[in-house]
Amino acid sequence: MLRYQAILLDDRRFLNRELCGDTADEIIGSNTGLRNVMEMVRQVAPLNNTVLLLGETGTGKEVIANAIHFLSPRKDGPFIKVNCGALPESLIDSELFGHERGAFTGAVVESRGRFERAEGGTIFLDEIGELPPAAQVRLLRVLQHREVERVGAKRPIQVNIRVIAATHRNLQNMIAEGRFREDLWYRLSGFPIFVPPLRQRKEDVPALIRHFVTLKSRELGIGLPPSVAPGALTRLMDNSWPGNVRELENLVERELIRHRGGHGGPLTFESVLAVMERPPPRLPPATPALISH
């Protein structure tokens, strides 16, 4: 009885932290720059297929994963997010697949891994390209047989889950270099979705800025979100945004912090725009090499 109480408490604690409470709200750009992406999301969401999200860092792949989950029949189940690049290699097996009591030093109780905790829902494996080879083999088994084997266990456990993976890396290049399993690539890439960088959908910049101004104003305790100077919007649209949506979000937050300690008025983004538009420094002309005779 105590064992099952512990499992229920563990579930409650874990889900409070990991279960996303939002529904699939309108995604900014769904009718413009992300129109093709959202069309693919609507096609695949009702199914149980594994989905691979591709794109640069900061493009919003996690937001797309959220949409797939909350538009699916699994929306009432858990949505478990794992950053594969943030897990220490020594703990990956235990974190993802769980362990039995006594499986290793310090394993004083059994522990269910992320895959078991996603039962009936979706697991989102972000930065899948960072998984080491041993974990790739274990993941392949999960995708093939929908079962996990805890560290120290004698038999596998069946799981009812959907897998969404994401990466900013070129997995095919990694396969050629021997750093990613080809058979795992084929299992993951049955339905790939490419999320374009912000520089390829600049028409979404004004709506994203207004969204982050509202969101960050609430977080910073600003009662009435300030407007954005029209000239600033035009200049911000011309930026190349190498950090994508994440860079834009951080920029809006910095501008609001300055605004909060200033004199109010519309947001001009003058300080950040000055840095963005500054031409790169000119390098001095190369000195001809001395030729010894």
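In this convention, every chain numbers its residues from 1, walking through the sequence in written order. Under the rules for a predicted model, residues below a pLDDT of 70 receive no local features and side-chain atom pairs below 80 are neither given nor counted, while totals for whole chains, interfaces and linings still include all residues. Note that the side-chain values use all heavy atoms of the structure and ignore hydrogens as well as water.

### A few points about the packing of aromatic side chains
No. 1: In this analysis, rings of Phe, Tyr and Trp, with Trp reduced to its six-membered ring, are considered paired at centre separations within 6.5 Å, and the interplanar angle assigns stacked below 30 degrees, edge-to-face beyond 60, and tilted for intermediate values. Applying the stated criterion across every chain yields a total of 3 aromatic pairs.
No. 2: Both rings, one in Phe79 and one in Phe124, keep their centres 6.4 Å apart while their planes meet at 15 degrees; by these two values the pair is stacked. Here Phe79 is found in strand β2 (residues 79-83), whereas its partner Phe124 is found in strand β3 (residues 122-126), with 45 residues between them in sequence.
No. 3: For every residue, the accessible area (1.4 Å probe, protein chains only) is compared with the maximum for its type, and the residue is labelled buried under 20%, exposed over 50%, or partly exposed between those bounds. For Phe124, a relative accessible area of 1% puts it in the buried group.
No. 4: Taken together, the aromatic side chains of Phe70, Phe79 and Phe124 make up a single cluster linked through ring pairs. The numbering of helices and of strands both runs from the N terminus, where a helix is a DSSP run of H or I of at least 4 residues and a strand a run of E of at least 2.

### Re the pairing of β3
No. 1: Counted residue by residue, β3 has 5 buried out of 5 residues, so it is predominantly covered.
No. 2: Burial along β3 is two-sided: Thr122, Phe124 and Asp126 facing one way and Ile123 and Leu125 facing the other are all buried.
No. 3: In this description, strands pair whenever DSSP reports at least two bridges between them. Strand direction decides the pairing type here: β2 and β3, joined by 5 bridges, are parallel. Pairing of Val82 across the sheet is with Leu125, part of β3.
No. 4: Across 4 bridges, the pairing between β3 and strand β6 (residues 162-167) is parallel. From the neighbouring strand, Leu125 faces β6, where its bridge partner is Ala165.

### Digging into the nonpolar core
No. 1: Residues belong to a common nonpolar core when they are buried Ala, Val, Leu, Ile, Met, Phe, Trp, Tyr or Cys residues joined through side-chain atoms within 4.5 Å. In this structure, Leu96, Phe115, Ile123, Leu125 and Ile128 are the most contacted members of the largest nonpolar core, which totals 31 residues.
No. 2: Mapped by element, the contributors of at least two residues to this core are β2, α4 (92-97), β3, α6 (133-145), β6, α7 (171-176) and α8 (182-188).
No. 3: Examining the composition of this core, we find that 5 residues originate from one element, α6, more than from any other.
No. 4: Beyond its immediate sequence surroundings of up to four residues, Ile123 is in contact with Ile80, Val82, Arg114, Phe115, Ala118, Ile161, Arg162, Val163 and Ile164. Note on definitions: a residue-residue contact is assigned when non-hydrogen atoms from the two residues lie within 4.5 Å.

### A short note on the side chain of Asp126
No. 1: Tracing the sequence through the fold places Asp126 in strand β3.
No. 2: Counted as positive: Lys and Arg. Counted as negative: Asp and Glu, with His and the chain ends omitted from the count. The salt bridge criterion pairs a side-chain nitrogen of Lys or Arg with a carboxyl oxygen of Asp or Glu, the two atoms within 4 Å. Of the side chains with opposite charge, Lys61 lies nearest to the buried Asp126, which makes no salt bridge, at 5.5 Å.
No. 3: Filtering out sequence-adjacent residues up to four positions away, Asp126 remains in contact with Val82, Asn83, Cys84, Gly85 and Ala166.

### Points about the confidence of the model for the protein
No. 1: Across the chain, each position has a pLDDT score giving the predictor's confidence in that residue, from 0 to 100. Looking at the protein, pLDDT values average 85 and 81% of them are 70 or higher.
No. 2: Contacts from residues 1-24, a stretch scored under 50 in pLDDT, to residues over four places away or in other chains number 26 contacts.
No. 3: A low-confidence stretch, residues 287-293 (pLDDT under 50), is modelled with 0 contacts involving residues beyond four sequence positions or located in other chains.

### Things to note about the pattern of salt bridges
No. 1: A complete count under the given rule lists 16 salt bridges for this structure.
No. 2: Note that Asp93 and Arg138 form a salt bridge whose closest N and O atoms lie 3.3 Å from each other. Of this pair, Asp93 sits in helix α4 while Arg138 sits in helix α6, placing them 45 residues apart in sequence.
No. 3: Taking relative accessible area as the criterion, Arg138 reaches 27% and is therefore assigned partly exposed.
No. 4: Asp183 is paired through a salt bridge with Arg181; the nearest N and O atoms lie 2.8 Å apart.
No. 5: Residue classification places Asp183 among the partly exposed positions, given a relative accessible area of 31%.
No. 6: When salt bridges with common partners are traced through the structure, they connect Lys216, Glu219, Glu249 and Glu253 into a single cluster.

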